[in-house]
Amino acid sequence: MIVITKSNITEERIQELVQIIEKSGVQAHVSRGTDRTVIGIIGKAEPTLGEHLRQLKDVDNVVKISKSYKLASREFHPEDTVIDIKGVKIGGDNLVIMGGPCAVESPEQIDEIARLVKNAGGQVLRGGAFKPRTGPYSFQGVGVEGLIMMAEAGKKHGLLTITEVMTPEYVDVCAEYADILQVGTRNMQNFDLLRKLGTINKPVLLKRGFSATYDEFLNAAEYILAGGNPNVMLCERGIRTFETYTRNTLDLSAIPVLQSLSHLPVISDPSHGTGRRELVEPMSKASVAAGANGLIIEMHTDPDNSMTGDGVQSLFPDQFANLLKDLEKLAPIVGKRFDTTKEPAEAFATWTK
Ligand code: PEP
Ligand code: MN
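Predicted, not measured: the structure shown is a model, and the values here were computed from it.

S.K.: Help me out: how do you make sense of the overall build of the chain in this one?
M.R.: Scanning the chain from N- to C-terminus turns up twelve helices and 14 strands. Expected size for 353 residues packed as a compact globule is a radius of gyration near 20 Å; at 21 Å, the chain falls within 12% of this value. Its C-alpha atoms give the chain principal-axis dimensions of about 65 × 40 × 40 Å. Counting only residues that meet the buried cut, the chain has 54% of its 353 residues in that class. Contacts in the chain between residues far apart in sequence, at least 24 positions, make up 69% of those at least 6 positions apart. Looking at the chain as shown, the accessible area adds up to about 15100 Å², and 52% of this sits on carbon and sulfur atoms. Positive and negative side-chain charges of the chain, numbering 39 and 45 respectively, have mean locations separated by a distance of 2 Å.

In structure tokens form, the structure reads like this:
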């Protein structure tokens, strides 16, 4: 259920309404829009609560949300969520590019790739320090050392950083070093992990499970939102279909569908979505044309010798740079702003760790 307030409501009155709602044993989540404020009610409410709230001063309407997810829905938050991280805006009309290797391998590797991502006009450095590998004998990532290498490279080159976290125990250390925490496809329904991510304020990029429906995906996001962390972005990274030519089938429809069902930013991952280097460029452009708020792309200076098998889907640095040049032209045509500022922002210079 959501309570839609009148447009001129004061902050004091919003807090009074929150108190009235919470007194009845349910949780209230406030979403402030430019025009109106919406209070989402989470929990099992008394059947009479809706009618009671409807009568109150400054309440315009009370509406039942029929979907199983509430805080992730457009009804709760009609405007696009824009997440501001050190001045980089993710969501709304902004296009953000995240680039980097599948895995952090060494300080030199991540430093050089960070330089190339920045020079090409990217805003976020990606790299896994903890890798969710299908087989237990495969390279599992360099761990906490990798977080430090990445944080240093991000700071030096003026890039935000994103890295995958696989278990609740590692959330705090990953949050200490990275700007965005990634939940991988295999962990989309790791509910303990999602609950833990709800207790922090760090932005989370939640990847779609490779066989998850939109409803399951949005319910996974709901776990994080319901825990109190509003900074969630959704990532379409391909689903498993009968087709074997590509590693996964990148579901382009997911982009406009998720944006219609939800206010959360939608990022596309054409690297894991296709598993083939030659498809990353066209599917990146298709994703942006379909309305994606950003892309997360694997790029490596020596993909043939990358420590995970994902070299085959990693772009070479020049391909990455050329793609971003094309995206600069494409973005305004599809109503997106693509800020390729090459100067490190103030916020990065003051980062310590
Ligand atoms: C990755 O981003 O390197 C990764 C493992 O992604 P996914 O969870 O989508 O497979
Ligand atoms: Mn990968």
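S.K.: Please clarify how the sheet that holds strand β1 (residues 2-5) should be interpreted in this entry.
M.R.: Sheet strands pair via backbone hydrogen bonds, and the direction of the pair is either parallel or antiparallel. An order of β2-β3-β1-β4 is seen for the four strands of this open sheet, with the pairing classed as antiparallel. For this open sheet the edge positions go to β2 (27-32) and β4 (59-63), each flanked by a neighbour on one side alone. Each strand of the sheet is rotated relative to its neighbour by a mean of 20 degrees, with strand direction disregarded. Looking at chain direction, β2 and strand β3 (residues 37-42) are connected through six bridges and run antiparallel. For Val30, the partnering residue across the bridge sits in β3 and is Ile39.

S.K.: Got a minute to help me understand the sheet that holds strand β11 (residues 204-207) in this structure?
M.R.: With respect to topology, eight strands assemble into a closed barrel ordered β7-β8-β9-β10-β11-β12-β13-β14, the strand pairing being parallel. Across the sheet, the mean angle from the axis of one strand to that of its neighbour is 25 degrees, orientation sign disregarded. In this structure, strand β12 (residues 232-236) lies alongside strand β13 (residues 266-268), joined through three bridges in parallel fashion. Each bridged residue has a counterpart across the sheet, and for Glu236 the counterpart in β13 is Ser268. The strands that helix α6 (residues 191-198) touches are β10 (180-183) and β11; relative to β10, the one it contacts most, it runs at about 165 degrees.

S.K.: Would you explain the site of ligand 1 in this entry?
M.R.: Lining the immediate surroundings of ligand 1 are 13 residues, of which Arg126, Lys131, Thr185, Lys207 and Arg237 lie closest. Backbone polar atom of Thr185 to an oxygen atom of ligand 1: 2.8 Å apart, as the coordinates give it. His272 places a side-chain nitrogen or oxygen 3.2 Å from an oxygen atom of ligand 1. Out of a free accessible area of 300 Å², ligand 1 has 97% covered by protein chains. In the shell around ligand 1, the residues fall into two nonpolar, four polar and seven charged.

S.K.: Before we go on, may I ask you to explain the UniProt feature "domain: DAHP synthetase I/KDSA" (unreviewed entry) in the chain in this structure?
M.R.: Per the UniProt record, "domain: DAHP synthetase I/KDSA" (unreviewed entry) is found at residues 81-328. For the annotated span residues 81-328, helix accounts for 38% and strand for 16% of the residues, and the straight-line distance between the end C-alpha atoms is 23 Å.

S.K.: What's the story with the coordination of the manganese ion (ligand 2) in this structure? I'm lost.
M.R.: Within the protein, the manganese ion (ligand 2) binds to Cys102 (SG), His272 (NE2), Glu298 (OE) and Asp310 (OD); these donor distances fall in the range 2.0 to 2.4 Å. Each donor residue of the manganese ion (ligand 2) belongs to the same chain, and together they define the spacing C-x169-H-x25-E-x11-D. Highlighted residues: His272 in helix α9 (residues 270-274) and Glu298 in strand β14 (residues 294-298), separated in sequence by 26 residues. The same class applies to His272 as to Glu298, namely buried.

S.K.: Help me out: how do you make sense of the pattern of salt bridges in this one?
M.R.: Oppositely charged side chains are able to pair whenever their charged atoms sit close together. Scanning the entire structure with this criterion turns up 22 salt bridges. In this structure, Arg13 and Asp58 form a salt bridge, with 3.4 Å as the shortest nitrogen-oxygen distance. Residue Arg13 is found in helix α1 (residues 11-23), and its partner Asp58 is found in the loop between α2 (49-54) and β4; the two are separated by 45 residues along the sequence. One exposure class covers both Arg13 and Asp58, and it is buried. The residue Asp192 makes a salt bridge to Arg195 at a minimum N-O spacing of 3.2 Å. Of the two residues, Asp192 and Arg195 are both situated in helix α6; the distance of three residues between them amounts to about one turn of the helix. Accessibility expressed as a relative area gives 52% for Asp192, which makes it exposed. Overall, the relative accessible area of 45% leaves Arg195 in the partly exposed class. Through salt bridges with shared partners, a single ionic network connects Arg13, Glu16, Lys57 and Asp58.

S.K.: When you look at the side chain of Gln259 in this model, what are you seeing that I'm missing?
M.R.: With respect to the helices and strands, Gln259 occurs in helix α8 (residues 254-261). For Gln259, a relative accessible area of 18% translates into the label buried. A distance of 2.8 Å separates a polar atom in the side chain of Gln259 from the backbone oxygen of Gly291.

Cut-off values and rules
Each residue is numbered by its place in its chain's sequence as written, counting from 1. For this description, chains carry letters from A and ligands carry numbers from 1, given in the order in which they are written. In view of the model being predicted, local features appear only for residues whose pLDDT reaches at least 70, and side-chain atom pairs are presented and counted only at 80 or more, with totals across whole chains, interfaces and linings using the full set of residues. Hydrogens and water molecules were not included; the side-chain quantities draw on all heavy atoms of the structure. Helix and strand definitions follow DSSP, with helices as H or I runs of at least four residues and strands as E runs of at least two, each counted in order from the N terminus. We compute the radius of gyration over the C-alpha atoms and compare it with the globule rule, which gives 2.2 Å times the number of residues raised to the power 0.38. Burial classification: accessible surface area is computed with a 1.4 Å probe over protein chains only, and a residue below 20% of its type maximum counts as buried, one above 50% as exposed, and the rest as partly exposed. In this description, contact between two residues means that some pair of their heavy atoms is separated by no more than 4.5 Å. In this description, accessible areas are obtained by the Shrake-Rupley approach with a 1.4 Å probe, and a residue is regarded as covered only by the protein chains that are shown. Counting rule applied: Lys, Arg positive; Asp, Glu negative; His and chain ends not counted. For this purpose, a charge sits on NZ of Lys, CZ of Arg, CG of Asp or CD of Glu. Strands are labelled as partners when DSSP assigns at least two bridges between them. Helix axes use the C-alpha atoms of the stretch in contact, all axes being lines fitted to C-alpha atoms, and the angles between their N-to-C directions lie in the range 0 to 180 degrees. A single heavy atom is enough: if one lies within 4 Å of a molecule or strand, its residue is considered near that molecule or strand. For this analysis, a polar contact is any N or O atom pair within 3.5 Å, provided that within protein one partner can donate a hydrogen and the other can accept it, and provided that sequence-adjacent residues contribute only side-chain to side-chain pairs. As a working rule, the residues Ala, Val, Leu, Ile, Met, Phe, Trp, Tyr, Cys and Pro are called nonpolar, Asp, Glu, Lys and Arg charged, and the rest polar, with Gly in that last group. UniProt positions are given in the numbering used here, feature names are shortened, and annotations may be inferred rather than shown by experiment. Here the term donor refers to an N, O or S atom within 2.8 Å of the metal (or 3.2 Å for Na, K and Ca), and because water is left out of the atoms, sites may appear incomplete. The rule for a salt bridge is simple: a side-chain nitrogen of Lys or Arg has to be within 4 Å of a carboxyl oxygen of Asp or Glu.

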